Amino acid sequence: MPEEEEVVLTAMKKNGQSMMRMERIKKKDINPSSVHYIAGGPYKGILVNKQATDLDRVEPPEGRVEFMAYLINSDTKDFATKDQWTLKFWFRGKADGVTKKKTFTSYFAELVSPGNVPRKYVGFIKRALVLLQHYDLVKRLELEVEDKTDEEEDLPSIQSFVSVFTPDSYTYRFVPEVMVETKTFLTFKIKAKCDASLVLCAVYGDVQRKAYEILLGTENNTKSYIRDGSLGPVKSEATTYNVLNEDEFRYFWISWADHHVEVGQGAKYGQTRFLSWQVPANRSFKVNSMAVATSRAGKGEWEFAEIIDEKDLKKEAKRNKIKNSLMWLAKKQKMMNILEDAYPNSVNINQLFKICKVDQSENISAVVMLKNMESKGVIKELEKGVWIRMQNKEEMTDHNVLLVKELPSIVSNERPEFAIITSMYNEKLAVDAVIEDKKTYVKYKTEGESQVYTMGRIGDYKVVSTKLSRMGDADGDMIAAENTVTRLLGIFQTVNHVLLVGVGGAVPNYSDYKEHVRLGDVVVSAPVDESEATYVYCSKVEKIPGAKGFSYSTRIFSPSDKTLVDAVSKLRNKVESNPHSPKPWDTHLDNGLETLKGQDSNFHRPNIRRDMLYYTQSDASVIRVDHPRPTGTEAKFYKEGQTQVKYGLVGCGQKVSRSDPLRSDFARMNNVKAFHQEQDVVLESVEGNRCESFLIILGMCDYADGSKKEWSNYASLAAAAYMKTLILTLKPHNNNNNNSHETAI
């Protein structure tokens, strides 16, 4: 934003509407007497005017977005107000219409992005103002809010379509996305050659005992039935020649209101009824789940339309439905996070429900949700009530992931020389994405500690990767991490080099580009002085009496075998001597992105505008500053958003990494380039097991210690890409016996 401009917010209320105008105004045109508040810190450059009784007339807007917002009052938690929000846009300059449309579409998408949308009204306005600072083309925004809570709804229904594909095997697939427990009828469409089956059940997973089975186009697409349970006795029959078609969708409806099962053809409920069964009292039950299938004669394609705003539902029911959906979405993500942190350990369902605050009355719904996640291959129930995270085919290149009680034997010339240790699930995915010819063994226990080992190769080197389990207990996690490393090096005794690969927090330099580390960069542990330390752990901080400074109790780690440190130095010299050449790790980064493209939370680099740098002044106020830029020759080869590799000491210790200015002071005193979540016990175990060669490679995902999420996926992959580059530069040694005899691991 030009220096002479400020973003000014002016609010007013009129005729039941609230309106906020956010616009760029030159400093010389701002009326000081109208200003109510001048923002500072991360909101510097934003002014808030006193509430106005009216707004100046302006030209018509050039673009707008309308949407509905449901707001829950914290004092009345079960009551939601519904507002109609309209965002109007004005632009400056002479941009064409397509550019303007892309600009306000991009602005709106970023404003309401699921991972960042504020939960409070004030937070939403703040975010709108901050984003406006980054969209230079936008001259003015107006947000109009109109309360619709007490009005009858006349908006068209919003529909979400659930698509289901069934194989040619008469295997029922349950569809928990369609919540039949709240319905008495369904409309859907099906494309199949014949034998399309739909079953309504009382118990999820049981299609035989309390179930109504509807068969469409059976007996070579000539008849249709209602059965009492899967393959049970026929209760209603009709001749329906060519009722299905394998080349086009056909509409049907099913009703089970008042224990009367009816089936008809067409998109409108109640028309063209051809099957009917009044269920006797001794066979009646409440329908709680649904499943579909097709026979060996052919596959099927189904579509179910979920109407969110049905006209016959009361307002309170709609609010509760929306609130309930959001609650379960949050609990689903929480469950996934817990299982990913615990991996390769399993989690007991009681512990999982306790952490996620699932009430006893919600247990059935929660189990259905877990089963649905299992059907997608992302989790697995090892035994009743014991769950583990699993990699599915969209999260990895196609390779075997085997659950085993005991590890198999391997031939000696396949035993690894490199061990790669990760602590988060996305770090493990990223590392495995750059390993070739891999196979994963999960040695699991339903009680106690499990282990995961992915064995493969990088170039001519055999490698093994593992992940540390994190169960949320700091002391317990440290003990488990130490045990994991001891087992790893005890099982794979041919390992000569250990690599810690993952994410960390960058240490910025506000004036020197060469020393500056920012999000998306990679920091490689390298000695900076005669101590030859590569990793420093701070265990204690004390205030120096009578002075402003602090004293730090530290322990340093330095590999006595310099193989990896020397390789880093050689790779660095090679890259820096050819600044015009493409960076060798970029190829592996691109390949990794292709491998992991099926991820829900993808591994692509976030928008560069999200890398915001702040500085804490001596008076504790926070200001936003620009990243330092290269000058001279370096500026010629600089590309915004390209991953840079920095070299230096890695620090850890929560006492300093999460406290500013302690963090800055400790980094300055020790020449620290990045902070890591506490892993000193891992290096203690590495040294204790007499492995004398180790290296830490971290992708930068925040300016703390690597605990934040937004940049975590990309940072993990960037670190893995550098790791592969480094290993490929080494010349392989003939350490393995050429005789391929088997050895138990």
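All of the points below concern the structure found in this document. (Residues numbered from 1 in each chain as written. Predicted model: local features only at pLDDT ≥ 70, side-chain atom pairs only at ≥ 80, totals over all residues. Heavy atoms only, no water.)

A short note on the side chain of Asn49
Logical step 1: Tracing the backbone through its elements, the reader meets Asn49 in strand E4 (residues 46-49).
Logical step 2: The buried category is assigned to Asn49, whose relative accessible area is 17%.
Logical step 3: Apart from the residues within four sequence positions on either side, Asn49 is in contact with Val8, Leu9, Thr10, Ser34, Val35 and His36. (Helix = DSSP H or I, 4+ residues; strand = E, 2+ residues; numbered from the N terminus. Buried < 20%, exposed > 50% of the residue type's maximum accessible area, 1.4 Å probe, protein only. Contact = heavy atoms within 4.5 Å.)

Examining the packing of aromatic side chains
To describe a pair of aromatic rings, one takes the distance between the centres and the angle between the planes.
Logical step 1: Throughout the structure, instances matching the rule amount to 20 aromatic pairs.
Logical step 2: Where Trp85 meets Phe124, the ring centres are 4.9 Å apart and the plane angle is 80°; that geometry is what we call edge-to-face. Linking Trp85 in strand E6 (residues 80-91) with Phe124 in helix H2 (residues 121-134), this pair joins segments that are 39 residues apart in sequence.
Logical step 3: What makes Phe124 buried here is its relative accessible area of 7%.
Logical step 4: With centroids separated by 5.5 Å and ring planes inclined at 85°, the aromatic side chains of Tyr343 and Tyr425 adopt a geometry described as edge-to-face. One end of the pair, Tyr343, is in the loop between helix H4 (315-342) and strand E20 (347-348); the other, Tyr425, is in helix H7 (residues 425-433), and 82 residues separate them in sequence.
Logical step 5: Using a relative accessible area of 2% as the deciding quantity, one classes Tyr343 as buried. (Phe/Tyr/Trp six-rings, centres within 6.5 Å; stacked < 30°, edge-to-face > 60°.)

Description of the layout of surface pockets
Logical step 1: The calculated volume of the second largest pocket comes to roughly 1600 Å³.
Logical step 2: Around the second largest pocket, the lining comprises 48 residues; the ones closest to its centre are Met612, Leu613, Tyr614, Tyr703 and Lys708.
Logical step 3: For the lining of the second largest pocket, the elements supplying multiple residues, two or more each, are H2, strand E33 (613-616), helix H13 (662-670), strand E36 (672-676) and strand E37 (694-702).
Logical step 4: Residues of the lining of the second largest pocket, tallied by class, amount to 21 nonpolar, 10 polar and 17 charged. (1 Å grid on protein atoms, 1.4 Å probe; cavity = no way out; pocket = protein on both sides within 12 Å on 5 of 7 lines; lining within 4 Å. Points joined across faces, edges and corners; volume = space filled by probe spheres on them. Nonpolar A, V, L, I, M, F, W, Y, C, P; charged D, E, K, R; others polar.)

Thoughts on the pattern of salt bridges
Logical step 1: Scanning the model with the defined rule gives 36 salt bridges in all.
Logical step 2: Residue Lys28 is joined to Asp29 by a salt bridge in which the shortest nitrogen-to-oxygen separation is 3.4 Å.
Logical step 3: By relative accessible area, Lys28 is classed as exposed at 69%.
Logical step 4: The shortest N-O distance in the salt bridge between Asp437 and Arg457 comes to 2.6 Å. Of the two residues, Asp437 is situated in strand E26 (residues 436-443) and Arg457 in strand E27 (residues 451-458); the sequence distance between them amounts to 20 residues. (Salt bridge = Lys/Arg side-chain N within 4 Å of Asp/Glu carboxyl O.)

Concerning the packing of helix H8 (residues 474-491) against helix H14 (residues 680-688)
Logical step 1: Between H8 and H14, the shortest axis-to-axis distance is 9 Å and the interhelical angle comes to 30°. It follows that H8 is roughly parallel to H14 by the angle criterion. As H8 packs across H14, the resulting crossing turns out to be right-handed. Seen from H8, the contacting residues are Met478, Ala481, Glu482, Val485, Thr486 and Leu489; seen from H14, they are Val681, Val682, Ser685 and Val686.
Logical step 2: The class makeup of the residues in the contact of H8 with H14 is seven nonpolar, two polar and one charged. (Axes fitted to C-alpha atoms, helices over the stretch in contact; angles between N-to-C directions. Parallel < 35°, antiparallel > 145°, perpendicular 65-115°, else oblique. Left-handed = near helix turned anticlockwise from the far one by under 90°.)

Points about H8
Logical step 1: Its 18 residues give H8 an end-to-end C-alpha distance of 26 Å, which sits within 8% of 26 Å, the value for a rise of 1.5 Å per residue.
Logical step 2: Every buried residue of H8 is listed here: Asp477, Ala480, Ala481, Thr484, Val485, Leu488, Leu489 and Ile491. Taken end-on, H8 shows its buried residues confined to a sector of 165°, consistent with a single buried face. When the buried face of H8 is taken as reference, the exposed residues oriented beyond 90 degrees from it are Asp475 and Ile479.
Logical step 3: Along its buried surface, H8 packs onto strand E25 (418-422), E27, strand E28 (461-467), strand E29 (497-506) and H14. (Expected span 1.5 Å × (residues − 1). Arc of directions from axis to C-beta.)

Examining the side chain of Glu5
Logical step 1: Locating Glu5 in the fold gives a position in strand E1 (residues 5-14).
Logical step 2: At 2.7 Å, the side chain of Glu5 and the side chain of Arg92 are in polar contact.
Logical step 3: Every residue in contact with Glu5, bar those within four places of it in the chain, is listed here: Arg24, Ile25, Lys26, Lys27 and Arg92. (Polar contact = N/O pair within 3.5 Å; in protein donor to acceptor, adjacent residues only side chain to side chain.)

Let's talk about the pairing of strand E31 (residues 535-543)
Logical step 1: With eight bridges connecting them, E31 and strand E32 (residues 550-557) associate as antiparallel partners. What sits directly across from Val541, in E32, is Tyr552. (Pairing = 2+ DSSP bridges.)

Focus: the sheet that holds strand E21 (residues 379-383)
Logical step 1: The strand order across the open sheet built from three strands is E20-E22-E21, with neighbouring strands paired in antiparallel fashion. Every interior strand has two partners, whereas the edge strands, E20 and E21, have only one.
Logical step 2: Where E21 meets strand E22 (residues 386-389), four bridges bridge the pair, whose relative direction is antiparallel. When the bridges of E22 are listed, Glu383 appears paired with Val386.
Logical step 3: Here helix H6 (residues 363-375) sits on the sheet and contacts E21 and E22; the angle it forms with E21, its principal contact strand, is near 110°.

Observations concerning the packing of helix H9 (residues 563-576) against helix H15 (residues 712-729)
Logical step 1: Relative orientation of the contacting elements H9 and H15 amounts to 100°, with a least axis distance of 10 Å. Taken together, the axes of H9 and H15 are roughly perpendicular relative to one another. From H9, Ala567, Val568 and Leu571 reach across to H15, where they touch Tyr722, Thr725, Leu726 and Thr729.

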